[in-house]
Amino acid sequence: MKKLFILLSILISFASLSAAMTITTDVTSTEDGNSTEKIFIDNNNLRIDMKGVSILFDTKKQVMTTIMHDRQIYIEMTKAQMDQQKKMMNAMMEQQIKAMEAQKANMTPQQQKAVDEQIKLMKSSMDGTKDPAEDIRATKKSETVGKWKCTIYDSYTGGKKDSEMCTVSFKELGISDNDFKIIDEVAKIVGEDETSLKVMKAMKKIGYPVKESAIDPFSGKTESVRTLKSISKDKIEPAVFTTPATYKKKTMEEMMGM
């Protein structure tokens, strides 16, 4: 749920199809240090730039392209390929859960409890029909982030707190209820369309997170903080949504062998 919730919450912020839009976010991570993320949208195209990686979505062709800049390579995946990959990953996770259940017989009660919590989180991440609104809890706290005064919410997965969000209303960011077509289209590509409407409903209720802290559900320590920096509606050049001409195309099978 967390992966989907974060992705779709990002999309909500630039969902208007009437004009180009660029979202800039500052990221501080205990693992990767400081970086800047950029998100571009124009018509049927969407691009997310993260540290060393860019992800392109062509919602018309239903294709996702992952660009790895350090290796100067890219991978294209169709919706059918991603659906198959998701099935394989879920099957692998189910096998892992069975193995963990079998090992519990030789564990102490305290170890069994820890394994049960981990299994609960794994099953929650596999549950594509869970309503995200059930995992979001109001704190009655607020803070000021940049120019926005936001309300703080805690997000839980499998009963464990895994993020803290400070949100503002859609209206403050210039977002309307009619600006969500691209959410469903991207959700269909990544195979999460079953929950896209529920996620949208939850976000419309609490607002968009201008600041989000990812938290380790076991240690309670903050792993990263994402802070909205700016939203621009300047024109985006078509080249932004294409792969660099000098980069080489790779298949998933080739990447698995690297």
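Every residue gets a number counted from 1 within its own chain, in the order that chain's sequence is written. Residues qualify for local features only when their pLDDT is at least 70, as the model is predicted, and side-chain atom pairs are given and counted only at 80 or more; totals for whole chains, interfaces and linings, by contrast, use all residues. The side-chain numbers reported here are obtained from all heavy atoms of the structure, hydrogens and water having been left aside.

Student: What is the right way to look at the environment of S29 in this model?
Tutor: Here S29 lies in strand 1 (residues 21–29). The class of S29 is buried, set by a relative accessible area of 16%. Once the C-alpha coordinates of S29 and R226 are considered, the two residues, 197 residues apart in sequence, prove to be 8.7 Å apart. The contact rule is simple, with two residues in contact once any of their heavy atoms fall within 4.5 Å. With sequence-adjacent residues up to four places away left out, S29 is seen in contact with E223 and S224. Whenever two N or O atoms come within 3.5 Å, that pair is a polar contact, provided that in protein one can donate a hydrogen and the other can accept it, and provided that, for residues adjacent in sequence, both atoms are side-chain atoms. Of note is the side chain of S29, whose polar atom sits 3.1 Å from the backbone nitrogen of E31. Secondary structure elements are defined from DSSP: runs of H or I of at least 4 residues count as helices, runs of E of at least 2 residues count as strands, and each element is numbered from the N terminus. Burial classes: relative accessible area under 20% of the type maximum marks a residue as buried, over 50% as exposed, and values in between as partly exposed (1.4 Å probe, protein chains only).

Student: Any chance you could explain the confidence of the model for the chain here in plain terms?
Tutor: Any residue range with low pLDDT should be treated as having predicted coordinates unsuitable for detailed reading. For the chain, mean pLDDT is 82; residues scoring 70 or higher make up 80% of the total. Summary of the metric used: pLDDT quantifies the predictor's per-residue confidence within the range 0 to 100. Of all the helices and strands in the chain, helix 1 (residues 2–13) carries the lowest mean pLDDT, 50, while strand 12 (residues 248–250) carries the highest, 95. The model gives residues 12–18 a pLDDT under 50, and that stretch makes 24 contacts with residues more than four places away or in other chains.

Student: Would you mind showing me how to read the packing of aromatic side chains here?
Tutor: For any pair of aromatic rings, the description rests on two quantities: the centre-to-centre distance and the angle between the ring planes. Pairing of aromatic rings covers Phe, Tyr and Trp, the last through its six-membered ring, and needs centres within 6.5 Å; plane angles under 30 degrees mean stacked, over 60 mean edge-to-face, and all others mean tilted. Using the criterion set out here, one finds zero aromatic pairs in the structure. Lysine and arginine charges are scored as sitting over a ring when NZ or CZ, respectively, is within 6 Å of the ring centre and within 35 degrees of the ring normal. For R137, the ring lying beneath its charged end belongs to Y156, and the centroid distance is 3.7 Å.

Student: Could you clarify how one ought to interpret the layout of surface pockets in this entry?
Tutor: Any empty space left between the atoms is revealed when a probe the size of a water molecule rolls over them. For each structure, a 1 Å grid was placed over the protein atoms alone; sets of points admitting a 1.4 Å probe that cannot get out are labelled cavities, open sets with protein on both sides within 12 Å along at least five of seven lines are labelled pockets, and lining residues have an atom within 4 Å of a point. Grid points are joined across faces, edges and corners, and a volume is the space filled by probe spheres set on the points. Volume-wise, the second largest pocket comes out at about 390 Å³. Forming the walls of the second largest pocket are 14 residues, and the residues nearest its centre are M77, Q85, M88, M252 and E253. Among the elements that make up the lining of the second largest pocket, the one with the highest residue count is helix 2 (residues 79–103) (six residues). Residue classes follow a fixed rule: Ala, Val, Leu, Ile, Met, Phe, Trp, Tyr, Cys and Pro count as nonpolar, while Asp, Glu, Lys and Arg count as charged, and any other residue, Gly among them, counts as polar. Its residues assigned to classes, the lining of the second largest pocket shows six nonpolar, four polar and four charged.

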